[in-house]
Amino acid sequence: MDAQQAAPPTFRSATAADVPALVALIESAYRGESSRAGWTTEADLLEGRRTDPEAVTAVLQGEHSRMVVIESSGTLLACCQLEDRRGHAYFGMFAVRPEFQAGGLGKQLLAEAERLAGDEWGAKEMHLTVITARADLIAWYVRRGYTRTGETSAFPYGDERFGLPTRDDLAFELLVKELTR
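Overview of the structure. Small disclaimer: the values here were computed from a predicted structure and weren't measured.

1. Observations concerning the overall build of the chain
1) Next: When helices and strands are counted, the chain shows five helices and nine strands.
2) Next: Over its C-alpha atoms the chain spans a radius of gyration of 16 Å, differing by no more than 12% from the 16 Å that the globule rule assigns to 181 residues.
3) Next: In the chain, the share of contacts with a sequence separation of at least 24, taken over all contacts with a separation of at least 6, comes to 66%.
4) Next: Total accessible area on the chain is roughly 9,000 Å²; 50% of this is exposed by carbon and sulfur atoms.
5) Next: Across the chain, the mean location of the 20 positive side-chain charges is 4 Å away from that of the 27 negative side-chain charges.

The structure is reproduced here in structure tokens:
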């Protein structure tokens, strides 16, 4: 899709009809050679799949979750998972098509997710986890007001739903941002 000929991007909640496009979008942003066109690739850390139709469908069907997308001219450009965890919201499955990364869509989607979590759920904080080896991505979140907590959790080695690690030192760190309203 030519960015200069595209319709202005719009936000919306994803539907079941979006599942195949969402899986392709998330995979393209994080895994395989296509992900190397952007800066969010995990291809040097993990092989295999980042997600699958079942995981995306579970988010769409979750009582306290939703998938927010940015769409332009019928093409999904970015997405994120939001989950209401009663008092705070969780932000995950964040992906921007590699050819559109570094153009501001990620910042726009993150801001919209924070707005939705605060306005619709009354969330006081947004929580997210990032692989600790992703210093560039952690720095991106810190620039947007997230605080590193130092709280880590183990990477689920042996669970292929999260990918096939190429390193033995992977862990997740919790980042938190207070949401103001």
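Structure shown, so let's carry the discussion forward.
2. Quick look at the packing of aromatic side chains
1) Next: Inspection of the entire model under this criterion finds eight aromatic pairs.
2) Next: What links up through ring pairs into an aromatic cluster is the set F91, F94, W140, Y141 and Y146.

3. Some details on the packing of helix α1 (residues 19–30) against helix α3 (residues 53–61)
1) Next: Interaxial distance between α1 and α3 falls to 9 Å at its minimum, and their mutual angle equals 115°. Along this stretch, α1 crosses α3, giving a crossing that reads as right-handed. Within the contact between the two elements, α1 uses V19, L22, V23 and I26 and α3 uses P53, V56, T57 and L60.
2) Next: Class assignment of the residues belonging to the contact of α1 with α3 gives a composition of seven nonpolar, one polar and no charged.

4. Focus: unusual backbone geometry
1) Next: Located in the positive-phi region is S73, a residue other than glycine, with phi close to 50°.
2) Next: As for its placement among the helices and strands, S73 is situated in the loop between β3 (65–72) and β4 (75–84).
3) Next: Within the chain, M93 stands out as a residue other than glycine whose phi angle is a positive 45°.
4) Next: Mapped onto the elements of the fold, M93 is located in strand β5 (residues 88–96).
5) Next: Take M93: its relative accessible area is 15%, and that puts it in the buried class.

5. Focus on the environment of L174
1) Next: By the element assignment, L174 lies in strand β9 (residues 171–178).
2) Next: Setting aside chain neighbours within four positions, we find L174 in contact with H127, L128, T129, T147, R148, T149 and E151.

6. Brief notes about the nonpolar core
1) Next: The biggest cluster of nonpolar side chains holds 44 residues, and the ones touching the most others in it are F91, F94, M126 and Y141.
2) Next: Going through the elements one at a time, α1, α3, β3, β4, β5, α4 (105–121), β6 (125–131) and α5 (135–143) are the ones with two or more residues in this core.
3) Next: Here the element with the most residues in this core is α1; it accounts for seven residues.
4) Next: If we ignore the near neighbours within four places in the chain, the residues touching Y141 are F91, F94, L110, L128, V130, Y146 and L175.
5) Next: L46, I131, F155 and L170 belong to the second largest nonpolar core, which has six residues in total.

7. Remarks on the sheet that holds β4
In any sheet, the strands associate via hydrogen bonds between backbone groups, in a parallel or an antiparallel arrangement.
1) Next: Strands sit in the order β1-β3-β4-β5-β6-β9-β7 across an open sheet of seven strands; the sheet is mixed. Bordering the open sheet on either side are β1 (10–13) and β7 (147–154), each of which pairs with just one other strand. Neighbouring strand axes in the sheet, compared pairwise and without regard to direction, differ in orientation by 30° on average.
2) Next: As paired strands, β3 and β4 are joined by eight bridges and run antiparallel to one another. Paired with I70 across the two strands is A78, which belongs to β4.
3) Next: With respect to the sheet, α5 is in contact with β5, β6, β7 and β9, its orientation differing from that of β6 by roughly 165°.

The rules behind each value
- Residues numbered from 1 in each chain as written.
- Predicted model: local features only at pLDDT ≥ 70, side-chain atom pairs only at ≥ 80, totals over all residues.
- Heavy atoms only, no water.
- Helix = DSSP H or I, 4+ residues; strand = E, 2+ residues; numbered from the N terminus.
- Rg over C-alpha atoms; globule rule 2.2 N^0.38 Å.
- Contact = heavy atoms within 4.5 Å.
- Areas by Shrake-Rupley, 256 points an atom, 1.4 Å probe, with all protein chains shown as cover.
- Lys, Arg positive; Asp, Glu negative; His and termini not counted.
- Charge placed at Lys NZ, Arg CZ, Asp CG, Glu CD.
- Phe/Tyr/Trp six-rings, centres within 6.5 Å; stacked < 30°, edge-to-face > 60°.
- Axes fitted to C-alpha atoms, helices over the stretch in contact; angles between N-to-C directions.
- Left-handed = near helix turned anticlockwise from the far one by under 90°.
- Nonpolar A, V, L, I, M, F, W, Y, C, P; charged D, E, K, R; others polar.
- Buried < 20%, exposed > 50% of the residue type's maximum accessible area, 1.4 Å probe, protein only.
- Core = buried A, V, L, I, M, F, W, Y, C linked by side-chain atoms within 4.5 Å.
- Pairing = 2+ DSSP bridges.

On their own, these measurements won't tell you what the molecule is for.
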